[in-house]
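# Inside the fold
Residue strings, one per chain:
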Amino acid sequence: MPFDFGKEVDHVARLARLSLEEDEKERMAGQLSDILKTARRIQELDTTGIEPTSHVTERPAVLREDRVRPSLPLDKALRNAPRREKGFVKVPRITVSEQDQK
Amino acid sequence: MKYEVIIGLEIHLELLTASKLFCGCSTAFGREPNTNCCPVCLGLPGSLPVFNRRAIELAVTAALALNSEIRLWSRFDRKNYFYPDLPKAYQVSQYDQPLARGGYLEVDVAVGKRRINLERVHLEEEAGKLVHAGHSIIGSGYSLVDYNRAGIPLLEIVTAPEMHSGREARLFLEDLRTVLLYAGVSDCKMEEGSLRCDANISLRPEGSSILGTKAEVKNMNSFRSVELALDYEVQRQEKVLSGGGSVVQETCHWDEENKQTITLRGKEGSSDYRYFPEPDLLPLVLENTFVEDLGRSLPELPSERRERLREQYGLEKEEAFLLTANRELGDFFEKAAKAYPVYDNLFNWVQGDLLYQLRENDKKVEEIDPNLLAGLLQLLDEGSINRPVAKELLAEMVQSGADPKEMVRERGLERISGRDRLLPLVEQVIAENPEAVENYRQGKNKALAFLVGKVMAATKGRADPAELNRLLKEKI
Ligand SMILES: [Zn+2]
């Protein structure tokens, strides 16, 4: 069964809250198909006896001590917020049904 | 048809660290919005997360307290979803390589103890907080976001689907909370959201081994609402099934005001979160000694304390249970017991008058000095004061923190006893109440109680009623 890239683009766009034009969707369906083709080629490699790897180094994570350090001043923290109100970031209202997508 | 109810819980709790999981921002509650934020917890480009050692320690401690098996190698993943409380558009969580697997909790249910198994325990980061402008769901057209909570270490505990009623789920949750409080990993306040619980619930015909379609219930903000919401959901699903319908896989919200669950919409599969390994965090690798040290320094857990209380103070099972479930009350009892080692009497006063006065005066047991109660009970045992006076002094002690010993000295409340001091009063009362005396002689016992009351009043309540009884009978 051929994979429906158009449908997949719709799905991912909805999850990412992106609204795409028809020509954008078409272009991205093509790109998505190419990316998956490349992944499929990589999967052809023989990996018998090799442990799955998620990171490029073998070193374990470093831990830091639990010490409070200064946070950003409010002004700086909100600098990238398109809209603000009383120190909050102001966002479009989220309906209950959207909330469930969490 | 009879149905079997299957419930599994997913619990989240905020760990008690000073700074966040991946950055140095404070976790303090109640700060001005967005003042505990930095490039890391706001997800600004170029910032990199670094593990907080304390958060790992607390997570391991919690897992050990829950008999869960620590995995020395675990990994963090990105859980992707778009929602304004998540500044990075993904939550750093653990997917297929969690910090701990398995575990269990022994819960006291109606039919004795029952072991509820856990599937996993893992560490993730807390989201920010949405403040909805306007009160109704329709409300105004925008929401406000505070990222102070974003990035606080959050522990997720997932149980096996092994509970069979709302009540069982509540009992489990209460026991879980007690264990986590004793382990010292979280303050576990459901009302403030530092302990939260979601539930999966399904019904199946009794005897069947196939799981029914489940609904997920969210937004239960107290132990009581967990029980109410799940009981409601059982009834709702039962109605659907016995009407020949089928339950739709869905998520619902518990509506506390109207005491019902509200369907949100069909639930999507977990693949929609598009989990993938967090490239910014290397795998978490723990030394065996790290885990062993935490295991050794694990504080006394509720089950151990119950056992010890029974052994050390000769308490009954229910008594030890009360003093363990209410940890502060248990601490109070143990401190008072050092100064007043008549344990059964001490327990009766703690469970009875003390708890009553705490409730009446809206006080916490931590505000009361255990040595004051010990002193009060000594006065009573020595016979320096009588029981009614002791009860009054206890009330005052709880209200104002005053020392009963000093109150007795200052106000001359010592018990009046002995023939020499009481007989004159008894004789005077007999002389003043000939009618009652006559009634008693004719066999009316109530009359004697009346006379005892009269003498008691003359002593301002400081005599022993039994002694007065004896003296009055002797004289009439
Ligand atoms: Zn931060």
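Located above this text is the structure these notes cover.
Structural notes, computed from the coordinates. Keep in mind that what you see is a predicted model, and the values were worked out from it rather than measured. (Residues numbered from 1 in each chain as written. Chains lettered and ligands numbered in written order. Predicted model: local features only at pLDDT ≥ 70, side-chain atom pairs only at ≥ 80, totals over all residues.)

## Quick notes on the overall build of chain A
The test is simple: Helix and strand definitions here come from DSSP, where helices need a minimum of 4 consecutive H or I residues and strands a minimum of 2 consecutive E residues; each element is numbered from the N-terminal end. Exposure criterion: with C-beta atoms placed from backbone coordinates, a residue whose C-beta has 20 or more other C-beta atoms within 10 Å is buried, one with 12 or fewer is exposed, and one in between is partly exposed.
Helix and strand counts for chain A come out as 4 helices and 3 strands. Along its sequence from the N terminus, chain A presents helices and strands in the succession α-α-β-α-β-β-α. Out of the 102 residues belonging to chain A, those deemed buried represent 7%.

## Some thoughts on the sheet that holds strand 5 (residues 77-80) of chain B
To summarise the sheet geometry, strands pair through backbone hydrogen bonds and adopt either a parallel or an antiparallel arrangement. Basically, it comes down to this: When DSSP finds at least two bridges between two strands, those strands are taken to pair.
Strand order in the open sheet formed by 3 strands is 6-5-17 (chain B), and the pairing between neighbours is antiparallel. Two strands close off the open sheet at either side, each with one partner strand: strand 6 (90-93) and strand 17 (276-277) of chain B.

## Concerning the packing of helix 5 (residues 302-313) of chain B against helix 6 (residues 317-325) of chain B
Residues and elements named next belong to chain B. Short version of the rule: Axis angles are defined between N-to-C directions and span 0 to 180 degrees, where every axis is a line fitted to C-alpha atoms and, for a helix, only to the segment in contact. Between 65 and 115 degrees an angle is taken as roughly perpendicular, under 35 as roughly parallel, over 145 as roughly antiparallel, and anywhere else as oblique. Left-handed describes a crossing whose near helix is turned anticlockwise from the far helix through less than a right angle; right-handed describes the clockwise counterpart. By definition, residues are in contact whenever their C-beta atoms, placed on the basis of the backbone, come within 7 Å of each other. Under the scheme applied, nonpolar residues are Ala, Val, Leu, Ile, Met, Phe, Trp, Tyr, Cys and Pro; charged residues are Asp, Glu, Lys and Arg; polar residues are all the others, including Gly.
Where helix 5 meets helix 6, the axes come as close as 9 Å, and the angle between the chain directions of the two elements is 130 degrees. Considered as vectors, helix 5 and helix 6 are oriented oblique to each other. Crossing of helix 5 over helix 6 shows right-handed handedness. Across the interface between the two elements, Pro302, Arg305, Arg306, Leu309 and Arg310 from helix 5 touch Lys317, Ala320, Phe321, Leu323 and Thr324 from helix 6. Its residues assigned to classes, the contact of helix 5 with helix 6 comprises 5 nonpolar, 1 polar and 4 charged.

## A short note on unusual backbone geometry
Glycine aside, negative phi is the norm for most residues, and most peptide bonds take the trans geometry. Even without glycine at this site, lysine 86 of chain A takes up a positive phi of about 45 degrees. Within the secondary structure layout, lysine 86 of chain A lies in the loop between strand 2 (84-85) and strand 3 (88-92).

## Digging into the interface of chain A and chain B
On the side of chain B, 45 residues touch chain A, which itself brings 36 residues to the contact. Elements that contribute at least two residues to the side of chain A that touches chain B include exactly strand 1 (63-64), helix 3 (74-77), strand 3 and helix 4 (96-99) of chain A. For the side of chain A that touches chain B, the element with the most residues is strand 3 of chain A, which contributes 5 residues. Along the lines of polarity and charge, the residues of the side of chain A that touches chain B split into 17 nonpolar, 7 polar and 12 charged. Judged from the 2 bridges that link them, strand 1 of chain A and strand 2 (residues 51-52) of chain B form a sheet pairing that is parallel. Its bridge partner being in strand 2 of chain B, leucine 63 of chain A is matched across the sheet by phenylalanine 51 of chain B.

## A word on the nonpolar core
All names here are of chain B. Applicable threshold: Take the buried Ala, Val, Leu, Ile, Met, Phe, Trp, Tyr and Cys residues, join any whose C-beta atoms are within 7 Å, and the set you get is a nonpolar core.
In this structure, Cys41, Ala59, Ala62, Ala63 and Phe172 are the most contacted members of the largest nonpolar core, which totals 75 residues. The residues contacting phenylalanine 172, other than those within four sequence positions of it, are Leu9, Leu105, Val107, Ile116 and Met163. Grouped together as the second largest cluster of nonpolar side chains are 32 residues, Leu315, Leu376, Leu380 and Leu413 included.

## What to know about the sheet that holds strand 11 (residues 142-146) of chain B
Spatially, 2(A)-3(A)-11(B)-10(B) is the arrangement adopted by the 4 strands of the open sheet, whose pairing is antiparallel. Edge positions in the open sheet fall to strand 2 of chain A together with strand 10 (129-132) of chain B, since each of these has one partner strand only. One ladder, built from 2 bridges, connects strand 2 of chain A with strand 3 of chain A; its direction is antiparallel. Across the sheet, glutamate 85 of chain A pairs through a bridge with phenylalanine 88 of chain A, a residue of strand 3 of chain A.

## Overview of helix 12 (residues 419-432) of chain B
Note the following rule: In this analysis, the expected span of each helix is defined as 1.5 Å times one less than the number of residues it contains.
Here helix 12 of chain B is 14 residues long and its end C-alpha atoms lie 19 Å apart, about the 20 Å a rise of 1.5 Å per residue gives. Tucked into the core, helix 12 of chain B has its buried residues touching helix 14 (445-458) and helix 15 (465-475) of chain B.

## Some points on the environment of lysine 90 of chain A
All names here are of chain A. Structurally, lysine 90 is set in strand 3. We classify lysine 90 as partly exposed; it has 17 C-beta atoms within 10 Å. Each C-alpha atom of the pair lysine 90 and aspartate 23 lies 32 Å from the other, and the pair is 67 residues apart in sequence.

## Let's talk about helix 2 (residues 166-183) of chain B
For helix 2 of chain B, with 18 residues, the first-to-last C-alpha span of 26 Å sits near the 26 Å given by 1.5 Å per residue. Count one or two residues on from helix 2 of chain B and you reach glycine 184 of chain B, which has phi positive near 75 degrees.

## Here we look at the packing of helix 7 (residues 327-339) of chain B against helix 9 (residues 370-382) of chain B
Residue and element names in this part refer to chain B. Packing of helix 7 against helix 9 brings their axes to within 8 Å, and their N-to-C directions diverge by 45 degrees. Classed by the angle they form, the pair helix 7 and helix 9 counts as oblique. Regarding helix 7 and helix 9, the two cross each other, and that crossing is right-handed. Residues Phe332, Lys335, Ala336 and Ala339 of helix 7 touch helix 9, and the partners they reach there are Pro370, Asn371, Leu373 and Ala374.

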